[in-house]
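Summary of the model geometry
Each chain is listed here by its residues.
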Amino acid sequence: PILFFSIIFSYFASKIIVKPILLAEKIANDIERAKTTFLRGASHELKTPLTGLRITLENMQYDIGEYKNHKKYLSYSILLVDKMSDTISDILTASSSQEWLDNPSPITVSKELTKIIKEYQPLITQKNLNIKNSLTAEKINISSSAFHKLFSNLISNAVKYSKPNTTINIYNKKHWLHIENIGNPINPKDIPSLFNLFAHQNHKQSTGIGLFIVKNILDYYKIKYKFKPTKLGMIFSIKLPK
């Protein structure tokens, strides 16, 4: 009997001890795989414009064909450098997300959103867009940093992908905050992949990090959201507390 109970005790004891170890090992492996995927994606995003920049500068150096027009291709080179700079900034933001998710507090959306919209005023003016913000006292409970990153990405996308001379509508309907713009509607089948790191799909200007950050912020705070096409463009919706 003693041997039997010793075996039974050893069996359950080993399960109690080994299970957390196996779980910890699985989590570590998942983290390592995620890190590898992230770094591969980041490397690819930087390698493409870097290769283009090197080819451009080399052709300019030897005055090959149309590359003799240094003024034109210097401007192009600066755009490539800016693209890499934006990508690096996005990568650093995504990799340090946990640092700015803590300390949530109720934030009046309309007040803070007005400040964020001002940041995009040059592009708004350039495209002759109208921003119609119908929000009043709606609040959302997240940290100040997370709020800025969340709505900065959403406003940036709405402005960037709006057709010139159109209106971006921001409003509350049945406890859902909507940001609606007029542009090219995205195929619903393609939308889930847009929230992945470095997704391009139809948005060739995007690294895919913006919507990845948006998704992670909303998931972290357990806030429901929807992103879907309309007849004239796209609409991003966030569930507001009642």
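All figures in this text were calculated on a predicted structure; none of them were measured in a lab. (Residues numbered from 1 in each chain as written. Predicted model: local features only at pLDDT ≥ 70, side-chain atom pairs only at ≥ 80, totals over all residues. Heavy atoms only, no water.)

1. Let's talk about the overall build of the protein
Check the secondary structure of the protein and you find 6 helices and 7 strands. Ordering the α and β elements of the protein from the N terminus gives α-α-β-α-α-β-β-α-β-β-α-β-β. Buried positions account for 35% of the 242 residues belonging to the protein. Within the protein, contacts between residues at least 6 apart in sequence are counted, and of these 68% link residues at least 24 apart. (Helix = DSSP H or I, 4+ residues; strand = E, 2+ residues; numbered from the N terminus. Buried < 20%, exposed > 50% of the residue type's maximum accessible area, 1.4 Å probe, protein only. Contact = heavy atoms within 4.5 Å.)

2. As for the packing of aromatic side chains
Inspection of the entire model under this criterion finds 8 aromatic pairs. When the ring of Phe-195 is compared with that of Tyr-225, the centres are 5.8 Å apart and the planes differ by 50°; the resulting orientation is tilted. One end of the pair, Phe-195, is in the loop between β5 (176-182) and α6 (209-220); the other, Tyr-225, is in strand β6 (residues 225-229), and 30 residues separate them in sequence. Judged by relative accessible area, which is 8%, Phe-195 ranks as buried. Taking the centre distance of 6.5 Å and the plane angle of 50° together, the rings of Phe-195 and Phe-236 count as tilted. Residue Phe-195 is found in the loop between β5 and α6, and its partner Phe-236 is found in strand β7 (residues 233-239); the two are separated by 41 residues along the sequence. For Phe-236, a relative accessible area of 5% corresponds to the buried category. (Phe/Tyr/Trp six-rings, centres within 6.5 Å; stacked < 30°, edge-to-face > 60°.)

3. Let's talk about the pattern of salt bridges
Within the structure shown, the criterion is met by 4 salt bridges. Residue Arg-54 pairs with Glu-58 through a salt bridge whose shortest N-O separation is 2.8 Å. Here Arg-54 and its partner Glu-58 are both found in helix α1 (residues 2-61), 4 residues apart, which amounts to about one turn of the helix. Note on Arg-54: relative accessible area 55%, which makes it exposed. (Salt bridge = Lys/Arg side-chain N within 4 Å of Asp/Glu carboxyl O.)

4. A short note on unusual backbone geometry
Residue Asn-128 is not a glycine yet carries a positive backbone phi of 55°. Position of Asn-128 relative to the elements: it lies in the loop between α4 (121-126) and β2 (130-133). Even without a glycine there, the phi angle at Lys-222 is positive, about 55°. Exposure remark for Lys-222: the relative accessible area of 74% places this residue in the exposed category.

5. Quick look at α6
The end-to-end C-alpha distance of α6 is 16 Å, a good match for the 16 Å that 12 residues give at a rise of 1.5 Å each. By the burial criterion, the buried members of α6 are Ile-209, Gly-210, Leu-211, Ile-213, Val-214, Ile-217 and Leu-218. A positive backbone phi angle near 55° is found at Lys-222, which sits one or two residues after α6. (Expected span 1.5 Å × (residues − 1).)

6. Observations concerning the nonpolar core
Among the nonpolar cores identified, the biggest contains 41 residues, and Phe-151 and Ile-238 are the most heavily contacted of them. When contributions to this core are tallied by element, the ones reaching two or more residues are α3 (109-119), β3 (139-142), α5 (144-160), β4 (167-173), β5, α6 and β7. Setting aside anything within four residues of it in sequence, one finds Ile-238 in contact with Ile-140, Leu-150, Phe-151, Leu-154, His-175, Trp-176, Leu-177, Leu-218, Ile-223, Lys-224 and Tyr-225. (Core = buried A, V, L, I, M, F, W, Y, C linked by side-chain atoms within 4.5 Å.)

7. Considerations on the packing of α5 against α6
Where α5 meets α6, the axes come as close as 9 Å, and the angle between the chain directions of the two elements is 140°. Between α5 and α6, the interaxial angle falls into the category oblique. You can see that α5 and α6 cross each other, and the crossing is left-handed. For the pair α5 and α6, contact is made by Ala-146, Lys-149, Leu-150, Asn-153, Leu-154 and Asn-157 and by Gly-210, Leu-211, Ile-213, Val-214, Ile-217 and Leu-218, respectively. Partitioned by chemical class, the residues of the contact of α5 with α6 number 8 nonpolar, 3 polar and 1 charged. (Axes fitted to C-alpha atoms, helices over the stretch in contact; angles between N-to-C directions. Parallel < 35°, antiparallel > 145°, perpendicular 65-115°, else oblique. Left-handed = near helix turned anticlockwise from the far one by under 90°. Nonpolar A, V, L, I, M, F, W, Y, C, P; charged D, E, K, R; others polar.)

8. What to know about the confidence of the model for the protein
In the predicted model, the protein carries a mean pLDDT of 78, and 69% of its residues have values of at least 70. Across residues 201-207 the pLDDT falls below 50, and counting only partners more than four positions away or on other chains, this stretch makes 19 contacts in the model. (pLDDT = per-residue confidence, 0-100.)

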